[in-house]
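Chain by chain, the residues run as shown.
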Amino acid sequence: MHASSFVHQSWTSTDGRGGGGDREEAGGCAVIDGGFATQLEALGADINDPLWSAACLITKPHLIKEVHMQYLEAGADVIISSSYQATIPGFLARGMLLEEAEGLLRTSVELALEARDEFWKSALRKSKPVYNRALVAASIGSYGAYLADGSEYSGSYGDDITTEKLKDFHRRRLQVLASAGPDLIAFEAIPNKMEAQALVDLLDEESIQVPSWICFSSVDGEHLCSGESFGDCLQILNASDKVVVVGVNCAPPQVIEGIIRDLKKQTKKAIAVYPNSGEVWDGRAKRWLPAECFGHKGFDVLAKRWQEAGASLIGGCCRTTPSTIRAVSKVLKGRTAFSAAQI
Ligand SMILES: C[S+](C)CC[C@H](N)C(=O)O
Ligand SMILES: N[C@@H](CCS)C(=O)O
Ligand SMILES: [Zn+2]
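The structure displayed is predicted, hence computed values, not measured ones.

## Observations concerning the sheet that holds strand β10 (residues 313-314)
And then number 1: Strand order in the open sheet made by the eight strands is β1-β10-β7-β6-β5-β4-β3-β2, with parallel pairing throughout. At either end of the open sheet lies a strand with only one pairing partner, and these are β1 (30-31) and β2 (78-80).
And then number 2: Contacts from helix α10 (residues 193-205) reach β4 (184-190), β5 (212-216) and β6 (243-249) within the one sheet, and its direction differs from that of β4 by about 165 degrees.

## A short note on the UniProt feature "binding site: Zn(2+)" (unreviewed entry) in the chain
And then number 1: As recorded in UniProt, the feature "binding site: Zn(2+)" (unreviewed entry) lies at Cys250, Cys317 and Cys318. A maximum C-alpha distance of 6.3 Å places the annotated residues, which cover 69 residues in sequence, within one compact spot. In the annotated set above, the residues contributing to the lining of the largest pocket are Cys250, Cys317 and Cys318.
And then number 2: Here Cys250 shows up in the loop between β6 and α12 (256-266).
And then number 3: Using a relative accessible area of 4% as the deciding quantity, one classes Cys250 as buried.
And then number 4: In this structure Cys250 touches Tyr153, Tyr274, Pro275, Asn276, Trp288, Cys317 and Cys318, once residues within four positions along its chain are discounted.
And then number 5: Structurally, Cys317 can be placed in the loop between β10 and α14 (322-333).

## Some words on the coordination of the zinc ion (ligand 3)
And then number 1: Ligation of the zinc ion (ligand 3) by protein atoms is provided by Cys250 (SG), Cys317 (SG) and Cys318 (SG), these donors lying 2.2 to 2.4 Å from the ion.
And then number 2: Every donor counted, the four donor atoms about the zinc ion (ligand 3) form angles of 94 to 129 degrees at the centre, which fits tetrahedral coordination.
And then number 3: When the donor residues of the zinc ion (ligand 3) are listed from N- to C-terminus, their spacing reads C-x66-C-C. For the pair formed by Cys317 and Cys318, the shared burial category is buried.

## As for the nonpolar core
And then number 1: In this structure, Trp213, Leu237 and Trp306 are the most contacted members of the largest nonpolar core, which totals 111 residues.
And then number 2: What Trp306 contacts, discounting residues up to four positions off in sequence, is Pro253, Ile256, Glu257, Ile260, Val273, Pro275, Phe299, Ala311 and Ile314.
And then number 3: Ranked by size, the runner-up nonpolar core spans six residues in total, among them Tyr157, Ile161, Leu166 and Ala198.

## Side note on the pattern of salt bridges
It is possible for side chains bearing opposite charge to pair when their charged atoms get close.
And then number 1: Scanning the model with the defined rule gives 15 salt bridges in all.
And then number 2: Among the ionic pairs, Lys65 bridges to Glu114, the shortest N-O distance being 3.1 Å. Of the two residues, Lys65 is situated in helix α5 (residues 61-74) and Glu114 in helix α7 (residues 98-124); the sequence distance between them amounts to 49 residues.
And then number 3: Take Lys65: its relative accessible area is 18%, and that puts it in the buried class.
And then number 4: Residues Lys167 and Glu205 are paired through a salt bridge, measuring 2.7 Å at the closest nitrogen-oxygen approach. Placement of the pair is Lys167 in helix α9 (residues 163-178) and Glu205 in helix α10, with a sequence separation of 38 residues.
And then number 5: With relative accessibility at 42%, the residue Glu205 sits in the partly exposed group.
And then number 6: Several salt bridges converge on common partners, so that one network encompasses Glu164, Lys167, Asp168, Arg171, Glu205 and Glu206.

## What about the site of ligand 2?
And then number 1: Neighbouring ligand 2 are Gly35, Phe36, Ala37, Trp52, Tyr84, Glu188, Cys250, Cys317 and Cys318.
And then number 2: Within the backbone of Ala37, an N or O atom sits 3.0 Å from an oxygen atom of ligand 2.
And then number 3: Within the complex, the protein chains bury 97% of what would otherwise be the 280 Å² of accessible surface of ligand 2.
And then number 4: Counting atoms within 2 Å of the grid points, the majority share of ligand 2 lands in the largest pocket.
And then number 5: Of the residues assigned to the shell around ligand 2, the class counts are seven nonpolar, one polar and one charged.

Conventions we followed
- Residues numbered from 1 in each chain as written.
- Chains lettered and ligands numbered in written order.
- Predicted model: local features only at pLDDT ≥ 70, side-chain atom pairs only at ≥ 80, totals over all residues.
- Heavy atoms only, no water.
- Pairing = 2+ DSSP bridges.
- Helix = DSSP H or I, 4+ residues; strand = E, 2+ residues; numbered from the N terminus.
- Contact = heavy atoms within 4.5 Å.
- Axes fitted to C-alpha atoms, helices over the stretch in contact; angles between N-to-C directions.
- UniProt positions renumbered as here; feature names shortened; annotations may be inferred.
- 1 Å grid on protein atoms, 1.4 Å probe; cavity = no way out; pocket = protein on both sides within 12 Å on 5 of 7 lines; lining within 4 Å.
- Buried < 20%, exposed > 50% of the residue type's maximum accessible area, 1.4 Å probe, protein only.
- Donors = N, O, S within 2.8 Å, 3.2 Å for Na, K, Ca; no water.
- Tetrahedral: all angles 85-135°; square planar, octahedral: opposite > 155°, others 65-115°.
- Core = buried A, V, L, I, M, F, W, Y, C linked by side-chain atoms within 4.5 Å.
- Salt bridge = Lys/Arg side-chain N within 4 Å of Asp/Glu carboxyl O.
- Near = heavy atom within 4 Å.
- Polar contact = N/O pair within 3.5 Å; in protein donor to acceptor, adjacent residues only side chain to side chain.
- Areas by Shrake-Rupley, 256 points an atom, 1.4 Å probe, with all protein chains shown as cover.
- Sits in = over half its atoms within 2 Å of the grid points.
- Nonpolar A, V, L, I, M, F, W, Y, C, P; charged D, E, K, R; others polar.

In C-alpha cells, the structure reads:
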C-alpha cells in the first residue's frame with residue numbers, strides 16, 4: 001500500500017458507509033483512541049504489575065472489551081489492542097505455557113475485533129451515520145516496556161543489547177499478533193534507533209503482510225528518548241514499504257506540532273501523533289507525576305493544529321480518556337460522537 005494513500009484506502013476498502021465523505025470533511029484525518037491502560041484503571045483494574053495493562057488479559061478480559069467500546073463510542077477510527085506490554089517471556093515468567101502465552105496475544109486482538117464488529121453492527125442500525133468502521137491495530141510495545149523499568153522513556157537498554165537480540169525478542173510476538181487478523185500493527189513508544197532498525201528488518205524477514213506503523217517516544221520534541229535524531233530513524237523507516245505510518249506517541253502534547261513539522265520534511269509517509277496528557281511517568285515509583293497537563297479542553301485545540309501541520313492520524317496516549325477522544329473527534333470531524341448512554 002502506498003504510504004500517502006493509507007488513510008484514504010483504509011476506509012474506502014470497507015463497505016463504503018460512513019467512509020470517504022466523512023473523512024473528506026475531517027481533512028483526511030483519522031482519530032486514534034486514547035490511553036488504554038489509563039481507562040482500564042478508571043474502570044477499576046489493578047495494573048501495578050510487570051505486565052502492566054496486559055495483566056488484564058489474564059484477570060479481566062471483559063474490562064478490555066469495555067474500554068475498546070468506550071473509545072469506539074467516543075469516535076475512535078482506530079482502536080489499539082491490549083498487547084502493549086503482553087510478551088511471551090512476560091507470560092512465561094508467570095508460569096504459563098507457551099501455548100497459553102500465545103493464546104493471550106491472540107485474545108488481545110480478538111477482543112478488539114469483537115468490540116469493533118459489535119459496535120459497527122449497532123452503528124449501522126442508526127439512521128444518521130456518525131461513525132466510520134474502525135480499524136484494529138495490534139499493539140507492540142518496545143523492549144523497554146517489557147523491562148518495566150521506564151526505559152521506553154530513556155532508550156537505554158544497556159551495553160549488551162544488539163539489533164539481533166531485539167529482533168529475537170520481537171519475532172514470535174509479531175508473528176502471532178499478525179496472524180490474529182488485525183488491520184494494522186502498531187509499534188508504540190519506540191525509544192531508540194537500534195530498535196527501529198530491528199523492527200524494519202523483522203517485518204521484512206518475516207514477510208509480514210499486515211501494514212505497520214512505527215511511533216517513537218520523545219521527551220524534548222527534537223529527538224527520540226535516546227537522544228538520537230528523528231531524521232536518522234526516518235531514513236530507516238522510509239526504506240520500508242511495510243511501514244505505512246510513522247509518528248510519535250506518549251510524548252508531551254506541547255512538543256507535538258514541532259515534531260510533525262520536522263517529520264513532514266523528512267518523510268512522505270502518513271504521520272500519526274497520539275501524545276499523553278503531559279504528565280511524566282516515574283519508572284521507579286511507577287506513577288505519573290504532575291507536569292504541564294492537558295485535559296480534553298486544551299488537547300482538542302492542539303489536535304486541530306496537529307491536523308493543520310499535516311498529521312493524518314491523531315489521538316491520545318497515557319492519561320487521556322474517552323472524553324479527550326470525544327473532544328478530538330468533534331474538533332477534527334465537526335460532529336459529536338454519542339455518549340455511552342445514547343448507544
Ligand atoms: C507507557 S509506560 C507508563 C508503561 C508501563 C511501564 N512499561 C512499566 O511497566 O512500568
Ligand atoms: N496503547 C498503550 C500505549 C502505552 S504508552 C496504552 O494506551 O495503554
Ligand atoms: Zn502512553
